[in-house]
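Chain by chain, the residues run as shown.
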Amino acid sequence: EIKGVIFDLDGVLVDTAVFHFQAWKRLAQELGSDFTEIENEQLKGVSRIASLEKILNWAGVDASESEKIEMAERKNRWYLDLVEQMKADEILPGSLELLHWLKKNGYQVALGSASKNAPLILEKTGMISFFDVLVDGNSVSLSKPNPEVFLKAARDLKLLPEVCLVFEDAQAGVDAARAAGMSVIGIGSNLNGTDLSISSLEEVLN
Ligand code: G16
Ligand code: MG
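Residues numbered from 1 in each chain as written. Chains lettered and ligands numbered in written order. Predicted model: local features only at pLDDT ≥ 70, side-chain atom pairs only at ≥ 80, totals over all residues.

- You'll find the protein chain entered in an unreviewed UniProt entry as Beta-phosphoglucomutase, with Sphingobacterium anhuiense given as the organism.
- Turning to the protein chain, the UniProt record has this under Sequence similarities (unreviewed entry): "Belongs to the HAD-like hydrolase superfamily. CbbY/CbbZ/Gph/YieH family."
- Per its UniProt entry, the protein chain bears the Catalytic activity (unreviewed entry) comment "beta-D-glucose 1-phosphate = beta-D-glucose 6-phosphate". (UniProt positions renumbered as here; feature names shortened; annotations may be inferred.)

Printed below as a string of structure tokens:
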């Protein structure tokens, strides 16, 4: 019996991947390299600093720790400029309807995201009030596929992992949910280890 539902943010509730892509691409180009959509796929659910390390690796660029911090901050400023233009109608289809339904039917709702910008994005899109608990890149130290983010969400909801259901769009996130002992619904194709795969949250209530 599911009592709590934990949502990933990017790629599940809201499509911020396009903004991450544009900001990383701009950084890659400044490094004299390029950045493709295929490479961007590999950064889904990956923390900001781990994403940067992959990009530096693909670009064949060495950087000191302080240069890495500066680059990650630069990318984030560009990302936030793009997020600034985001409106409530950029919420992915089905998100609001499902959140409404879950709260109306007595489910506990949490966020389990790698993003440090998660509270800002939930605020901007008007979704923050649906959440009982927020666990994001500010409150966890171990990235997905480590289950920390989801285990912390369950603990904060005061629920056992086995009564929690996770919605995830990234393989690392599906693996993290599994490792936490939770049920998982995958959004999109090519995900292994899900209990169910759907193409959008719109399908959940239909
Ligand atoms: C999201 C994105 C990742 C991004 C990460 C960190 O994760 O999928 O591409 O690198 O957050 O974001 P930020 O730079 O805002 O801290 P999720 O877990 O919501 O899919
Ligand atoms: Mg995601």
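Once you've had a look at it, read on.
### Focus on the pairing of strand E1 (residues 4–7)
Within a regular beta strand, the side chains point alternately toward one face of the sheet and then the other, so they alternate between its two faces.
Step number 1: Side chains Gly4 and Ile6 project from E1 onto one buried face, and the interleaved Val5 and Phe7 project onto a second face that is buried too.
Step number 2: When E1 meets strand E2 (residues 108–112), the two strands line up parallel, connected through four bridges. Along E2, the bridge assignment pairs Gly4 with Gln108. (Buried ≥ 20, exposed ≤ 12 C-beta atoms within 10 Å, placed from the backbone. Helix = DSSP H or I, 4+ residues; strand = E, 2+ residues; numbered from the N terminus. Pairing = 2+ DSSP bridges.)

### Comments concerning the packing of helix H3 (residues 48–59) against helix H4 (residues 65–84)
Step number 1: At their nearest, the axes of H3 and H4 sit 10 Å apart, and the two run at 105° to each other. Considered as vectors, H3 and H4 are oriented roughly perpendicular to each other. Contacts between H3 and H4 involve Arg48, Ile49 and Leu52 on the former and, on the latter, Lys68, Met71, Ala72 and Asn76.
Step number 2: Of the residues that constitute the contact of H3 with H4, the class distribution is four nonpolar, one polar and two charged. (Axes fitted to C-alpha atoms, helices over the stretch in contact; angles between N-to-C directions. Parallel < 35°, antiparallel > 145°, perpendicular 65-115°, else oblique. Contact = placed C-beta atoms within 7 Å. Nonpolar A, V, L, I, M, F, W, Y, C, P; charged D, E, K, R; others polar.)

### Points about the sheet that holds E1
Step number 1: What the six strands build is an open sheet, ordered E3-E2-E1-E4-E5-E6; its pairing is parallel. Unpaired on one side and paired on the other, strand E3 (133–135) and strand E6 (196–198) mark the two borders of the sheet. For this sheet, the mean angle separating the axes of adjacent strands, direction not counted, is 20°.
Step number 2: As paired elements, E1 and strand E4 (residues 164–168) share four bridges and run parallel to each other. Counterpart to Phe7 in the pairing with E4 is Phe167.

### Some details on the nonpolar core
Step number 1: Counting residues in each nonpolar core, the largest one holds 49 residues, and the members touching the most others are Ile6, Phe7, Leu9, Phe150, Ala153, Val166 and Ala177.
Step number 2: Per-element tally for this core: the top contributor is helix H7 (residues 148–157), with six residues.
Step number 3: For Ala153, the contacting residues outside a window of four places in its chain are Ile6, Ala110, Gly112, Val133 and Val135. (Core = buried A, V, L, I, M, F, W, Y, C linked by C-beta atoms within 7 Å.)

### Observations concerning H7
Step number 1: By the burial criterion, the buried members of H7 are Val149, Phe150, Leu151, Ala153, Ala154 and Leu157.
Step number 2: The inward-facing, buried residues of H7 contact E1, E2, E3, E4 and helix H8 (171–179).

### Remarks on helix H5 (residues 95–104)
Step number 1: For H5, the set of buried residues is Ser95, Leu98, Leu99 and Leu102. Mapping the buried residues of H5 onto a view down its axis gives an arc of 100°, with all of them on the same face. Exposed and oriented more than 90 degrees from the buried face of H5 are His100, Trp101 and Lys104.
Step number 2: One or two steps after H5, the chain reaches Gly106, where phi turns positive at roughly 80°. (Arc of directions from axis to C-beta.)

### Notes on the environment of Gln85
Step number 1: One can find Gln85 in the loop between H4 and H5.
Step number 2: Gln85 sits 39 residues away from Lys124 along the chain, and the two C-alpha atoms are 9.8 Å apart.

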